[in-house]
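Residues per chain, in single letters:
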Amino acid sequence: MLLLVSFLVVLGSYIPILNAARPRCEKPVPGGETVTVLENATLNYIVFTYEGSDRDYHRVIFTPRETISPFFFDGKSVNEEYFKLNDILDFETKNQFIFTNIYATHVARSNIGSLCPPLTVNVLPVNEFTPVFDPSVLVVNVPEGLPEDTTVAILNCTDGDKEPTGSPEGCSQIIIQSGDNVHPRFKITNKQIVTTNNAINYDTGDVTFTLIVAGIDSSTLDSQKTGSMAIIINIDPVNVSMPSFQDLSYSISLPESTPVFKEVFDVNATDRNKRPLGDLAYKITDGNAADTFMICQTTGKMFLKRPLDFESDDSLVYYVTVTATDDRLTSTAVVNVTITDVNDNVPICTPTYQDVTIDEKTSIGKTVASINCTDEDAGSVLLYRITSGDCDRFQITPSGDIIVTNVFAAGNIVSTFHLKIQISDGFFESIVWVSVNTIKPICCETFKIPE
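Residues numbered from 1 in each chain as written. Predicted model: local features only at pLDDT ≥ 70, side-chain atom pairs only at ≥ 80, totals over all residues. Heavy atoms only, no water.

A.B. asks: Just checking my understanding: could you explain the packing of aromatic side chains for this structure?
C.D. replies: Geometry of an aromatic ring pair is reported as the spacing of the ring centres plus the angle between the planes. Tallying each qualifying case throughout the model produces 16 aromatic pairs. Judged by centre distance (5.2 Å) and plane angle (20°), the rings of phenylalanine 71 and phenylalanine 83 are stacked. Of the two residues, phenylalanine 71 sits in strand β7 (residues 71-77) while phenylalanine 83 sits in strand β8 (residues 80-85), which places them twelve residues apart along the sequence. By relative accessible area, phenylalanine 71 is classed as buried at 2%. Seen from their ring centres, phenylalanine 71 and phenylalanine 99 are 5.7 Å apart, and the 90° between their planes marks the pair as edge-to-face. Placement of phenylalanine 71 in strand β7 and of phenylalanine 99 in strand β9 (residues 96-99) is noted, with a sequence separation of 28 residues between them. An aromatic cluster of three or more residues is present, and its members are Phe48, Tyr50, Phe62, Phe71, Phe73, Phe83, Phe97 and Phe99. Between arginine 65 and the ring centre of tyrosine 103, over which it is positioned, the NZ or CZ distance is 4.0 Å. (Phe/Tyr/Trp six-rings, centres within 6.5 Å; stacked < 30°, edge-to-face > 60°. Helix = DSSP H or I, 4+ residues; strand = E, 2+ residues; numbered from the N terminus. Buried < 20%, exposed > 50% of the residue type's maximum accessible area, 1.4 Å probe, protein only. Lys NZ or Arg CZ within 6 Å of the ring centre and 35° of its normal.)

Here it is, written out as structure tokens:
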């Protein structure tokens, strides 16, 4: 056992005194102690008070034989020293300090002393950081009609604060704050945006959702903090509806006199898909003999493309097949077009002038001339009429024969009647002129043979 020698001045001489005991720790107590300190504790904060004793009544100090940063000793009294903070603590960097090599020693002889029981300093976290989403703005595109619990986006929410062992890290809760309040289409499950059982329908207005998502941290010691992000969800339309015609078959009548490029029918179809998927393209795919019709690709309006002629066209009934196509789907309809006859031809007479000569004694009822007329309109009936020049001497039959109806007056040797004949099909008219020359017969008594 080492003996310490002290000197006492008595009557001008030094008297040695033996130090019979080493300094010892009173605190920490045998077995060690544990203390806590918040990570935001200020400099010079007193973490612990070391206490010692010496039976020889010497002053005790505490000498570390290990690194004690970020702490230091600061004297309090004869046998006590404060264990203070002299640097910033950071729970996220280091949350526990254990000191096992600190001695209680003489103030003048740091090599004389006894080892103190261990001191454990646990750093407690402070809620310093706000939860952060990465990215802070997310834009996603998803198709309409997704089934329930389909993942739309994965959320990455972090928090700079660490938590005590056993406590949840980062965002303990993520909620949708706004943007989907009425009949929610989305929910959060396991830090993922997923669909609910409320259908997403582009055609009823579900075009874009702007969700504000909040992340709440997991602090258990301080007030919780909240961070947020924006998620823009664009809904892509899906073609789920076929074009629809009001009827599958339409019937119209079209006069042969219809002008070229005139609209003859509108086969407009509808599509429940919104634009652009609901935009329809129309096309004639069958039954358009002689390229008779055309259709507007965007409106479905049908137009006559060439002149019609009831009398000469090969087809008088057309079964025109029209297709309407959206982005993906096609429907068809048939337009039955019947061409109807129109009185559009003038009666044609050959010849248009006749010159005939008859005897003035031609009997009543005798045919003196025949008018030869035709009309290309199917079913046309021609009407003949003498409009002038007959002087009540002639009539014309329904078939166009001119007959004598009255005797001719005796007189001049030659008389001429200029008959104007009108031929009508009920709409158009033609004119034929007939000159009837009457002559007086030459009798043998009129002339004498010279002797």
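There's plenty left to go through after this.
A.B. asks: When you look at the sheet that holds strand β6 (residues 60-64) in this model, what are you seeing that I'm missing?
C.D. replies: Backbone-to-backbone hydrogen bonds pair the strands of a sheet. The strands run either parallel or antiparallel. Across the sheet, which stays open at both edges, the three strands sit in the order β6-β10-β11 with antiparallel pairing between neighbours. Unpaired on one side and paired on the other, β6 and β11 (113-115) mark the two borders of the sheet. Averaged over all adjacent pairs, the angle separating strand axes in this sheet is 25°, with direction ignored. Note: β6 against strand β10 (residues 102-106), five bridges, orientation antiparallel. Residue pairing in the sheet places valine 60 in a bridge with histidine 106 of β10. (Pairing = 2+ DSSP bridges. Axes fitted to C-alpha atoms, helices over the stretch in contact; angles between N-to-C directions.)

A.B. asks: Would you take a moment to explain the pattern of salt bridges for this structure?
C.D. replies: Any two side chains of opposite charge can pair if their charged atoms end up close together. Summed over all chains, the structure comprises ten salt bridges. Note that lysine 301 is salt-bridged to glutamate 263, the shortest N-O span being 3.8 Å. Here the residue lysine 301 occupies a position in strand β26 (residues 301-304), and glutamate 263 occupies one in strand β23 (residues 263-266), the gap between them amounting to 38 residues. With a relative accessible area of 35%, glutamate 263 lands in the partly exposed category. A salt bridge links arginine 306 to aspartate 313; its shortest N-O distance comes to 3.5 Å. Of the residues examined, arginine 306 reaches a relative accessible area of 18% and is grouped as buried. For aspartate 313, a relative accessible area of 17% translates into the label buried. The structure contains a network of salt bridges with shared partners spanning Glu148, Asp149 and Lys187. (Salt bridge = Lys/Arg side-chain N within 4 Å of Asp/Glu carboxyl O.)

A.B. asks: It is not clear to me how the state of the cysteines should be interpreted in this structure. Could you clarify?
C.D. replies: The term disulfide refers to a covalent linkage connecting the sulfur atoms of a pair of cysteines. According to the stated counting rule, one finds two disulfides in the structure shown. Between the sulfur atoms of cysteine 25 and its disulfide partner cysteine 116 the distance amounts to 1.6 Å. Here cysteine 116 lies in the loop between β11 and β12 (119-124) and cysteine 25 lies in strand β3 (residues 24-27), a separation of 91 residues in the sequence. For the pair cysteine 25 and cysteine 116, one class covers both residues: buried. In this model, cysteine 349 is linked to cysteine 373 through a disulfide, with the two sulfur atoms separated by 1.9 Å. Measuring handedness by torsion sign, the sulfur bridge of cysteine 349 and cysteine 373 sits at about 105° and is right-handed. Of this pair, cysteine 349 sits in strand β29 (residues 348-349) while cysteine 373 is found in strand β32 (residues 373-374), placing the two residues 24 residues apart along the sequence. Note on accessibility: cysteine 349 and cysteine 373 belong to one class, buried. (Disulfide = S-S within 2.5 Å.)

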